[in-house]
Amino acid sequence: MPTNQNLNERAKAVLPGGVNSPVRAFKAVGGNPPYIASAKGATMTDVEGKQYIDYMGSWGPMILGHTHPEVTAALRDALDHGTSYGASCAAEVELAEEIVNRVPGLEMVRFVNSGTEATMSALRLARAATKREVIIKFAGGYHGHADSFLIQAGSGVATFGAPDSPGVTEGAAKDTRVARFNDLHSVRSLFEAEPDAIAAVIVEPVPGNMGVILANEGFLEGLRELCDEFGALLIFDEVMTGFRIARGGAVERFGITPDLATYGKVIGGGLPVGAYGGRRELMEKVSPSGPVYQAGTLSGNPLAMTAGLATLRLLDDDAYSTLEMVGEKLQVGLDAALKSTGVPGVIQRVGSMITLFFNDTAISCFEDVQAADHQRYAVFFRGMLERGIYLPPSGYEAWFLSTAHRDEQIKSTVVAAEEVFRSFQAGLKH
Ligand code: KE4
């Protein structure tokens, strides 16, 4: 029987860092990752049989918990009809209709195979539609690994971006500007510096890739107004928030209509998927109805479409009430544990996306996140993992709850957290 250690050693021989996505390597928290053998509901089990209560949910897709019987049954049936056609199928039409019917102002979507493809394609469309080249993103915002988005903020609140990874060229970086989330002035100053150059502003309406941050009152509305004032498109990157924080995602929850929106994660029910969409006038510019080229061998894959459709069809009003409730229970429990142990911490939550920052005050932008105590988060993470609680292995991430998280699992999570907080007060190191 393989062990976690044995698999990790073999993985490091054939996979960069031993993983297929960097955050999974536990670099930010120390230690080596367990290898998951199976998952069910809100739990995962590693190859050595250790069980964990799962707050990663595959980084968002597993909103109904793992192996939901109706999703699994739909997939089993679809499997018998083939895995990929490279041709049109009914499931892609049905999922597109389900998505369009949920989101106010959304008229058409195009399916791709990841959130990265979705944002990359939405950016190309925005540039084509506006005949402009520059985009504005936010420090700490993550939109996948396309070159235009792997751009770090320079010093100051509104800057010309610089490559954030070797291999990203100055040419790719030159058209990306970086503003500060929750700071409309930093956005306005970029627009005023280049009033006719900005094609789009791309924003996570609830940032989840620097931990969960809540938009200040009027911030998202302000972005809408600035884009209208300067003739740019507003892109909501809802890869994480889409169909998680409301039946119609952030567009419904906040009542703001972007020009384009990107999706992923939940709409694939755990299979590889992404999508971008908007009003018909924009989307019909996409090939073959228009000149903006974008394509994909596995786009609209029948298995991914089936899993996504089964998932969305189960995300009814009761499901969203449950998601709010489990999120609130965890937040209240963790808050009480912080207070009872005197450990400085801030919990920020929108629905079933939540982050605990070891910080004295509320977090409203990326610089605040950077100033939080990530060393303490690493100790907390390891303490929780030892106690069978699998949190995201970085303080710059959102934790995800599902409709499968039960009261007793939330309670044991809070008990474990309180134990770890007490160890901080006792000055113990894990
Ligand atoms: P993917 O290419 O990983 O499917 O999606 C990229 C992406 C785009 N936009 C937003 C708002 C996202 O959250 C993501 C991906 N999220 C991360 C979680 N921090 C994926 C986890 C990982 O990179 O392994």
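What counts, and at which threshold
- Residues numbered from 1 in each chain as written.
- Predicted model: local features only at pLDDT ≥ 70, side-chain atom pairs only at ≥ 80, totals over all residues.
- Heavy atoms only, no water.
- Pairing = 2+ DSSP bridges.
- Helix = DSSP H or I, 4+ residues; strand = E, 2+ residues; numbered from the N terminus.
- 1 Å grid on protein atoms, 1.4 Å probe; cavity = no way out; pocket = protein on both sides within 12 Å on 5 of 7 lines; lining within 4 Å.
- Points joined across faces, edges and corners; volume = space filled by probe spheres on them.
- Nonpolar A, V, L, I, M, F, W, Y, C, P; charged D, E, K, R; others polar.
- Salt bridge = Lys/Arg side-chain N within 4 Å of Asp/Glu carboxyl O.
- Buried < 20%, exposed > 50% of the residue type's maximum accessible area, 1.4 Å probe, protein only.
- Expected span 1.5 Å × (residues − 1).
- Contact = heavy atoms within 4.5 Å.
- Phe/Tyr/Trp six-rings, centres within 6.5 Å; stacked < 30°, edge-to-face > 60°.
- Domains from an automatic or database assignment.
- Buried area = accessible area lost by both parts, 1.4 Å probe.
- Polar contact = N/O pair within 3.5 Å; in protein donor to acceptor, adjacent residues only side chain to side chain.

(A) Highlighting the sheet that holds strand 17 (residues 399-400). What the 3 strands build is an open sheet, ordered 14-15-17; its pairing is antiparallel. Strands at the two margins of the open sheet, each flanked by one partner only, are strand 14 (346-350) and strand 17.

(B) Molecular detail of empty space enclosed by the protein. Tallied over the entire structure, the rule returns 2 cavities of 30 Å³ or more. Its volume calculated, the largest cavity comes out at about 50 Å³. Lining the largest cavity, in full, are Gly 41, Ala 42, Asp 54, Gly 57, Met 62, Gly 65, His 66, Phe 400, Leu 401, Ser 402 and His 405. Of the residues assigned to the lining of the largest cavity, the class counts are 4 nonpolar, 6 polar and 1 charged. In this structure, the second largest cavity occupies an estimated 40 Å³ of space. Lining the second largest cavity are Phe 138, Gly 141, His 143, Phe 181, Ile 202, Val 203, Glu 204, Pro 207 and Met 210. Looking at side-chain class alone, the lining of the second largest cavity contains 6 nonpolar, 2 polar and 1 charged residues.

(C) Region of interest: the pattern of salt bridges. Inspection of every chain in the model, using the stated rule, returns 17 salt bridges. Among the salt bridges present, the one from Glu 192 reaches Arg 188, with a minimum N-O distance of 3.2 Å. Of this pair, Glu 192 and Arg 188 both sit in helix 6 (residues 184-193), 4 residues apart, which is roughly one turn of that helix. Assessed through its relative accessible area of 47%, Glu 192 is described here as partly exposed. You can call Arg 188 partly exposed: its relative accessible area is 29%.

(D) Up close: helix 14 (residues 407-425). Spanning 19 residues, helix 14 covers 27 Å between terminal C-alpha atoms, matching the ideal 27 Å at 1.5 Å per step. Among the residues making up helix 14, those that are buried are Gln 409, Ile 410, Thr 413, Val 414, Ala 416, Ala 417, Val 420, Phe 421, Ser 423 and Phe 424. For helix 14, the secondary structure elements touched by its buried residues are strand 2 (43-46), strand 3 (51-54), helix 11 (317-341), strand 15 (353-357), helix 13 (374-386) and strand 16 (389-390). Positive backbone phi, at 75°, marks Gly 427, one or two positions downstream of helix 14.

(E) Focus on the packing of aromatic side chains. Throughout the structure, instances matching the rule amount to 18 aromatic pairs. Ring geometry for Phe 243 versus Tyr 263: centroids 5.0 Å apart, planes at 25°, classification stacked. Placement of Phe 243 in the loop between strand 11 (233-237) and helix 8 (249-254) and of Tyr 263 in strand 12 (residues 260-264) is noted, with a sequence separation of 20 residues between them. Residue Phe 243 shares its accessibility class with Tyr 263, and that shared class is buried. Ring geometry for Phe 358 and Phe 421: centres 6.1 Å apart, planes at 85°, overall edge-to-face. In this pair, Phe 358 is assigned in the loop between strand 15 and helix 12 (366-371) and Phe 421 in helix 14, connecting sequence segments 63 residues apart.

(F) Quick peek at the domain arrangement of the protein chain. Its domain assignment divides the protein chain into domain 1 (4-63 + 316-426) and domain 2 (69-314). Between the C-alpha centres of domain 1 and domain 2 the distance comes to 25 Å. Across the contact, 32 residues belong to domain 1 and 29 residues belong to domain 2. Of the roughly 2400 Å² buried between domain 1 and domain 2 on both sides combined, carbon and sulfur atoms contribute 59%. When residues of domain 1 are sorted by the area they lose upon contact with domain 2, Tyr 320, Val 350 and Met 353 head the list and together hold 26% of the total. At the surface where domain 1 touches domain 2, the tally comes to 2 salt bridges. In this structure, Glu 367 engages Arg 180 in a salt bridge whose closest nitrogen and oxygen atoms are separated by 2.8 Å. Where domain 1 packs against domain 2, one counts 14 residue pairs in polar contact (both at pLDDT 80 or more). Every element with two or more residues in the side of domain 1 that touches domain 2 is listed here: helix 11, strand 14, strand 15 and helix 12. Ranked by the residues each element gives to the side of domain 1 that touches domain 2, the list is headed by helix 11, at 5 residues.

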